[in-house]
Amino acid sequence: MKIIKYILLAIALLNVPTFSLEYISPSLGALTSMLLLAGSLLYFFISKKSKPAFPFIILGLCFFSFAGLNYSGITDEFFKDVIRFFIFIICFNQVSKDTTNKELLIFLLIGTLSITVNALFFSNVFGRYSGFYINPNKAGFICLFGFAVSYIINSYKLRLVIQFAFIICGIFTLSRSFILMLVLINLASLFADKRNIQTFVVGSAAMIVILTASTLQLNKERFSALNSIFSSNEEVDTQTITEGSRDETWAMYSNVIFNNAIIGAGYKAMRGDSGLAGVEYGVHNTFLMVLGEAGILAFLLIVIIYLALFIRSLKLFSTNQEFTYLSMALIGYLMVAHNYFDKYDVLFVSLWLYNKVRDQHKEDVSQILAY
């Protein structure tokens, strides 16, 4: 059972299908996707059964039902996406329940370290690195997920070493979203324990390493903008920092959203494929993507799910601070990315947090009733 679980975790959390598809061959990418889904089904049937993650199932039913009404693309592709999503949500739920904090941290760390390998040994002209995750912004959030989970480590010295790895790998992505969310999570951590201020020192050390490493080939514009923040001799490059910001992208889809707010404009209408907004790229916001493609009901469902996750995590802040940071990182990802229903790593982390928070809540209720 453990071997099957580890294989499934490796495929889901290390982005193997997309990595294979993009860099090796489409056939290998399809094979790993099939292996993931087949392995999920096998694990589901041979493992103990537990309560399904109904909120995510209901969200999927609502989203695909309404998004399918106005879909004008290839029908086979739509149904394949639907089937893949539900197989993952239903069958991978038990995998997420059986995955310990330590196991999740290890797999996220492995994925994160691939970014460093990418930066040091496979540098490119673009100058932003993502390892297994193809997209630097997505890779930055994988680093954030790992950074959030790292708070399970009781040893301060070991925790700081692991956090240094997540921070420096995140900086390699040169993702503005990563830096913003990292600061917010660090500030929140001070409310849990004042000693967490040491993480700011670790972050500063990681920043110094990046800024002084002349051998690294980083994106010149973003690197200069980052350097300007920490240099007393330069004016902060606000133009590069804010250029192409997410709010500008969201505004381009405002008409599509307002005109289709009830039942949505159809599946993939908000991802640059339909041309409804006159731009080549997607809306870069999962909440707006759901609203624009499937309408108000699906939008309210996904908002309620992740808001509830955050509130319940916040209630456990004194005992499990990592839940709050992880829920913050997940909401941060949803605010800047429109790839959700087909992203196994984000879906898995969401399922994992949902089950952990739910199980912890049950334990607390049981203890109260015991008295």
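A short tour of the structure in this document, coming up. None of these values were measured; they are calculated from a predicted model.

Some words on the overall build of the protein
The secondary structure content of the protein amounts to 18 helices and zero strands. For the protein, buried positions account for 51% of its 371 residues. Across the protein, contacts joining residues at least 24 apart in sequence account for 74% of those joining residues at least 6 apart. Split by element, the accessible area of the protein, about 17500 Å² in all, is 66% carbon and sulfur.

A closer look at the packing of aromatic side chains
As enumerated under the stated definition, the model contains 28 aromatic pairs in all. With 5.7 Å between their ring centres and 85° between their planes, F141 and Y333 make a pair best called edge-to-face. Taken together, the residues span a long stretch of sequence, with F141 in helix α7 (residues 136–149) and Y333 in helix α17 (residues 321–336) at a distance of 192 residues. Taking the centre distance of 4.9 Å and the plane angle of 90° together, the rings of Y340 and F341 count as edge-to-face.

Description of the packing of α7 against helix α8 (residues 156–172)
In the contact formed by α7 and α8, the axes pass within 9 Å of each other and the chain directions differ by 165°. As judged from the angle between their axes, α7 and α8 are roughly antiparallel. When the axes of α7 and α8 are compared, the crossing they make is left-handed. Where α7 abuts α8, its residues C143, G146 and F147 lie against Q163, F166, I167, C169 and G170. Of the residues in the contact of α7 with α8, the class split is five nonpolar, three polar and no charged.

Comments concerning unusual backbone geometry
Phi is positive for N15, which is not a glycine, with a value near 60°. Looking at the secondary structure, you find N15 in the loop between α1 (2–13) and α2 (16–23). Look at N15 and you get buried, because its relative accessible area is 6%. At H284, a position not held by glycine, the phi torsion is positive, near 55°. The topology assignment puts H284 in the loop between α14 (254–259) and α15 (286–294).

Here we look at the packing of α1 against helix α5 (residues 75–98)
One can describe the packing of α1 onto α5 by two numbers: an axis separation of 11 Å at closest approach and a directional angle of 105°. As far as their axial angle goes, α5 and α1 are roughly perpendicular. Packed against α1, whose contacting residues are K5, L8, L9 and A12, the element α5 presents F92, V95 and D98 at the interface. When its residues are assigned to classes, the contact of α1 with α5 shows five nonpolar, no polar and two charged.

Focus: helix α4 (residues 54–69)
In a regular helix each residue adds 1.5 Å, so 16 residues correspond to 22 Å; α4 covers 23 Å between its end C-alpha atoms and thus fits that length. Every buried residue belonging to α4 is among F56, I57, L59, G60, C62, F63, F64 and A67, and all of these are buried.

Observations regarding the pattern of salt bridges
Per the counting criterion, the structure on display carries six salt bridges. A salt bridge links R84 to D81, with the shortest nitrogen-to-oxygen separation between them at 2.6 Å. Remark: D81 and R84 occur in helix α5; sequence separation between them is three residues, near one turn of the helix. With a relative accessible area of 16%, D81 lands in the buried category.

Brief notes about the environment of N93
One can find N93 in helix α5. According to the relative accessible area criterion, N93 is buried, its value standing at 2%. For the pair formed by N93 and S50, sequence separation is 43 residues and the distance between their alpha carbons is 8.6 Å. Not counting residues within four places of it along the chain, the set of residues in contact with N93 comprises S50, K51, P52, A53, F88, L351 and N355. Within the local environment of N93, its side chain forms a polar contact with the backbone oxygen of K51, the two atoms lying 3.2 Å apart.

Looking at the environment of V82
Mapping V82 onto the fold places it in helix α5. Given the relative accessible area of 15%, V82 is considered buried. Each C-alpha atom of the pair V82 and F63 lies 9.9 Å from the other, and the pair is 19 residues apart in sequence.

As for a nonpolar patch on the surface
Together, M1, L41, L42, F45 and I46 make up an exposed nonpolar region whose accessible area comes to about 480 Å². Looking at the secondary structure, you find I46 in helix α3 (residues 26–46).

Parameters at a glance
Residues numbered from 1 in each chain as written. Predicted model: local features only at pLDDT ≥ 70, side-chain atom pairs only at ≥ 80, totals over all residues. Heavy atoms only, no water. Helix = DSSP H or I, 4+ residues; strand = E, 2+ residues; numbered from the N terminus. Buried < 20%, exposed > 50% of the residue type's maximum accessible area, 1.4 Å probe, protein only. Contact = heavy atoms within 4.5 Å. Areas by Shrake-Rupley, 256 points an atom, 1.4 Å probe, with all protein chains shown as cover. Phe/Tyr/Trp six-rings, centres within 6.5 Å; stacked < 30°, edge-to-face > 60°. Axes fitted to C-alpha atoms, helices over the stretch in contact; angles between N-to-C directions. Parallel < 35°, antiparallel > 145°, perpendicular 65-115°, else oblique. Left-handed = near helix turned anticlockwise from the far one by under 90°. Nonpolar A, V, L, I, M, F, W, Y, C, P; charged D, E, K, R; others polar. Expected span 1.5 Å × (residues − 1). Salt bridge = Lys/Arg side-chain N within 4 Å of Asp/Glu carboxyl O. Polar contact = N/O pair within 3.5 Å; in protein donor to acceptor, adjacent residues only side chain to side chain. Patch = residues over 30% accessible without salt bridge, like charges linked within 9 Å, V, L, I, M, F, W, Y side chains within 5 Å.

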